[in-house]
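Now for the letters of each chain:
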Amino acid sequence: MFTASDLRKGLKIQIDGQPYIVTDFEFSKPGKGQALYRCKMRNMMTGNQFSKTYRSGDKFEKAALEERKMQYLYNMDNEYHFMDVKSFDQIFIQKENLGDNVNFMMDNMEIDVLLFDGKPIDVSLPIFVNLVVTIAEPWAKGDTSGNDTKPVTVETGYVLQVPPFVEEGDKIQIDTRTGEYVTRVKE
Amino acid sequence: MLSAEGLHFRAAFFASIRQFFVSHDFLEVDTPLLSPVILPEANIVPVSAGEQFLQTSPELYMKRLLARGHHRLFQICPCFRSEEQGRLHLQEFKMLEWYHLNKNYDQLMQDCKELICFLAAALKKQFPAVCHSLDLAVWQKITVAEAFAQYVPVSLEKAIQNDTFDELLVEYVEPQLGIDGPVFLIDYPAQMASLAKLKADDQTVAERFELYINGIEIANGFSELTDAGEQRMRFREEITRLSWDTSMPERFLDELDEIDEAAGIAMGLDRLLMLFMAKTHIDEVQSFAPKER
């Protein structure tokens, strides 16, 4: 159990059976008044946000969250399959629950999977991933037409803007937080 | 943690406060930090030290000195309040308190204005690069009732009835106060009178105020309740709401009867220093912040 005085940014608690993360927190206490714990929270399953002010006596359950290292195996019919690297248990997550993460997931990649009550609710990818460019318009060296970037497609099917010198078959590094090109990777 | 220059600034800040009060004929006193009894206030949790308490405020002993006939007293001292930690709170902080015999809260508001203007000028002169210029040209007063009518979507009566006064004050009123110069929020509902006297011509409000600058509460002052019988009743009510054990402060109540009229105020010096140094967190004006200990 947590009490209001444990509240701080990043704390994960359970309200009405749902996991929440405290995204913003401030302690306040107006003159001669109650101690107030003002929080902004995000529902970790739905993404819904809300603000609420708690008092000293308020108590919270700890969110039943567990993070496990898993290997991404494959996807089939919008189900993404993972294997726990320790227990070899296999689970799958629906594509819609993975959001933009699917753009950067390669077979056999190790990923941290967050489980609530045994059910996977989120994955955290490495910050940088290296992916091979599968489709790119050719670039004429010395082209000064003024285009700073061009679109390319990488092996996951994700399309992003890159500098014009990137060619088909190149391996590029992508920042998974922003989905943006970082650099070309030389093997 | 303060830089070397910051430490000098903090020292000059304290020295200037003393200079102000001494030049206004106040006696500086120091009273016990450790005491077997403290004034019971439901929302202030003391730090225990063995069988005793560390003071949450010097109010009890300051008033006992007033009862002995001293007219003007001041003190700068550490105060301790359990469970208070945040951007504007420390479990151990520096309080300035001053008291007048035979005056009311109007005198205290006048003192606040003179003190803070004096400090601003003195610190700016000594530390032109460090001292932040506060907008001190216009000092305003607004009653709690006016502030609720102006800023809060719920009426003051409803707020008190539903026990949401504090939440609404913090959410809607405080951020509006002291943005264009200092503001005194005055005349608190009698339910929040604490140790303040009720207004003679309106018993629904107490002669109590809070000073706000830049949305930050700096000081709490009031015309002192000097009726020991009434004070005993309020303490009895507070004691039922306490989460720790304390006895009735009998000596205090006995001596309170000796005071005819008085006014007293507590000012959070760390917060005032934050304003002068343009800092946003109270930790930034300490020699050692809690996380550095």
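Residues numbered from 1 in each chain as written. Chains lettered and ligands numbered in written order. Predicted model: local features only at pLDDT ≥ 70, side-chain atom pairs only at ≥ 80, totals over all residues. Heavy atoms only, no water.

Residue and element names in this part refer to chain A. Examined at the domain level, chain A breaks down into domain 1 (2-62), domain 2 (65-124) and domain 3 (128-185). Each of domain 1 and domain 2 has a C-alpha centre, and the two are 29 Å apart. Surface buried jointly by domain 1 and domain 2 totals about 460 Å² across both partners, of which 87% is contributed by carbon and sulfur atoms. Area buried by domain 1 at its contact with domain 2 is led by P19, M44 and M45, which between them contribute 70% of it. The tally of links from domain 1 across to domain 2 stands at 0 residue pairs in polar contact (both at pLDDT 80 or more). When residues of the side of domain 1 that touches domain 2 are traced back to their parent elements, those giving at least two are strand 2 (12-15) and strand 3 (18-28). A per-class count over the side of domain 1 that touches domain 2 returns 3 nonpolar, 3 polar and 1 charged. (Domains from an automatic or database assignment. Buried area = accessible area lost by both parts, 1.4 Å probe. Polar contact = N/O pair within 3.5 Å; in protein donor to acceptor, adjacent residues only side chain to side chain. Helix = DSSP H or I, 4+ residues; strand = E, 2+ residues; numbered from the N terminus. Nonpolar A, V, L, I, M, F, W, Y, C, P; charged D, E, K, R; others polar.)

This part covers the state of the cysteines. Note: disulfide means a covalent bond formed between the sulfur atoms of two cysteine side chains. Residues and elements named next belong to chain B. For the structure shown, the criterion picks out 0 disulfides over all chains. Here C79 stays unpaired: no disulfide links it, and the sulfur of C77, its closest cysteine neighbor, is 4.3 Å away. Here C131 stays unpaired: no disulfide links it, and the sulfur of C117, its closest cysteine neighbor, is 12 Å away. For C131, a relative accessible area of 4% corresponds to the buried category. (Disulfide = S-S within 2.5 Å. Buried < 20%, exposed > 50% of the residue type's maximum accessible area, 1.4 Å probe, protein only.)

Scanning the model with the defined rule gives 25 salt bridges over all chains in all. Where K69 of chain A meets D112 of chain A, a salt bridge forms, and the shortest distance between an N and an O atom there is 3.0 Å. Here D112 of chain A lies in strand 10 (residues 110-116) and K69 of chain A lies in strand 7 (residues 65-76), a separation of 43 residues in the sequence. Under the relative-accessibility criterion, K69 of chain A is labelled partly exposed at 42%. Where K199 of chain B meets D187 of chain B, a salt bridge forms, and the shortest distance between an N and an O atom there is 3.5 Å. Here the residue K199 of chain B occupies a position in strand 9 (residues 198-199), and D187 of chain B occupies one in strand 8 (residues 183-189), the gap between them amounting to 12 residues. Overall, the relative accessible area of 17% leaves K199 of chain B in the buried class. Note on D187 of chain B: relative accessible area 11%, which makes it buried. Each of E66, R68, D84 and D89 of chain A takes part in salt bridges that share partners, so that together they form one network. (Salt bridge = Lys/Arg side-chain N within 4 Å of Asp/Glu carboxyl O.)

Here we come to the packing of helix 4 (residues 144-151) of chain B against helix 6 (residues 165-173) of chain B. Residues and elements named next belong to chain B. Interhelical geometry of helix 4 versus helix 6 gives an angle of 65° and a closest axis separation of 10 Å. With respect to the hand of their crossing, helix 4 and helix 6 are arranged in left-handed fashion. Contacts between helix 4 and helix 6 pair V144, A147, F148 and Y151 from the former with F165, L168, L169, Y172 and V173 from the latter. (Axes fitted to C-alpha atoms, helices over the stretch in contact; angles between N-to-C directions. Left-handed = near helix turned anticlockwise from the far one by under 90°. Contact = heavy atoms within 4.5 Å.)

In this section: the nonpolar core. Core analysis: the largest hydrophobic core is formed by 55 residues, its most contacted members being F13, L96, W98, L211, M267 and F276 of chain B. The element best represented in this core is helix 3 (residues 105-126) of chain B, accounting for 9 residues. Apart from the residues within four sequence positions on either side, L96 of chain B is in contact with I17, F21, F74, Q75, I76, L115, I265, A266, M267 and L269 of chain B. Core analysis: the next-biggest nonpolar cluster, separate from the first, contains 29 residues, M70, I93, F104 and V129 of chain A among them. (Core = buried A, V, L, I, M, F, W, Y, C linked by side-chain atoms within 4.5 Å.)

With that settled, consider the sheet that holds strand 12 (residues 128-136) of chain A. The strands making up a sheet associate through backbone hydrogen bonding, with each pair oriented either parallel or antiparallel. Residue and element names in this part refer to chain A. With antiparallel pairing, 5 strands are arranged side by side in an open sheet as 14-13-12-15-16. The open sheet has two free edges, formed respectively by strand 14 (159-162) and strand 16 (180-185), since each of these has just one partner strand. Averaged over neighbouring strand pairs, the angle between their axes works out to 50° when direction is ignored. Sheet topology places strand 15 (residues 171-175) next to strand 16; 5 bridges connect them, and they run antiparallel. Among the inter-strand pairings, Q173 is bridged to a residue of strand 16, identified as T183. (Pairing = 2+ DSSP bridges.)

Residues and elements named next belong to chain B. Between helix 1 (residues 4-23) and helix 9 (residues 269-277), the shortest axis-to-axis distance is 11 Å and the interhelical angle comes to 120°. Relative to helix 9, the element helix 1 is oriented oblique. You can see that helix 1 and helix 9 cross each other, and the crossing is right-handed. When helix 1 is examined against helix 9, the residues G6, F9, R10, F13, F14 and I17 are found in contact with a partner set consisting of L269, D270, L272, L273, F276 and M277. Among the residues forming the contact of helix 1 with helix 9, the class breakdown is 9 nonpolar, 1 polar and 2 charged. (Parallel < 35°, antiparallel > 145°, perpendicular 65-115°, else oblique.)

Turning next to the sheet that holds strand 6 (residues 59-62) of chain A. Residue and element names in this part refer to chain A. Ordered in space as 1-6-2-3-4-5, the 6 strands form an open sheet in which the pairing is antiparallel. Where the open sheet ends on each side, the last strands, each with one partner, are strand 1 (2-3) and strand 5 (49-55). For strand 2 and strand 6, the ladder comprises 2 bridges, and the chain directions are antiparallel. Each bridged residue has a counterpart across the sheet, and for Q14 the counterpart in strand 6 is E61.

This part covers the packing of aromatic side chains. Taken as a whole, this structure holds 21 aromatic pairs over all chains when the rule is applied. Ring centres 5.4 Å apart and planes at 85° place the aromatic pair Y20 of chain A and F50 of chain A in the edge-to-face group. Pair noted here: Y20 of chain A is in strand 3 and F50 of chain A is in strand 5, with a separation of 30 residues, a long-range link. Given a relative accessible area of 13%, Y20 of chain A falls into the buried group. Taking relative accessible area as the criterion, F50 of chain A reaches 28% and is therefore assigned partly exposed. Linked through ring pairs, F20, F21, F26, F74, W98 and F118 of chain B together constitute an aromatic cluster. (Phe/Tyr/Trp six-rings, centres within 6.5 Å; stacked < 30°, edge-to-face > 60°.)

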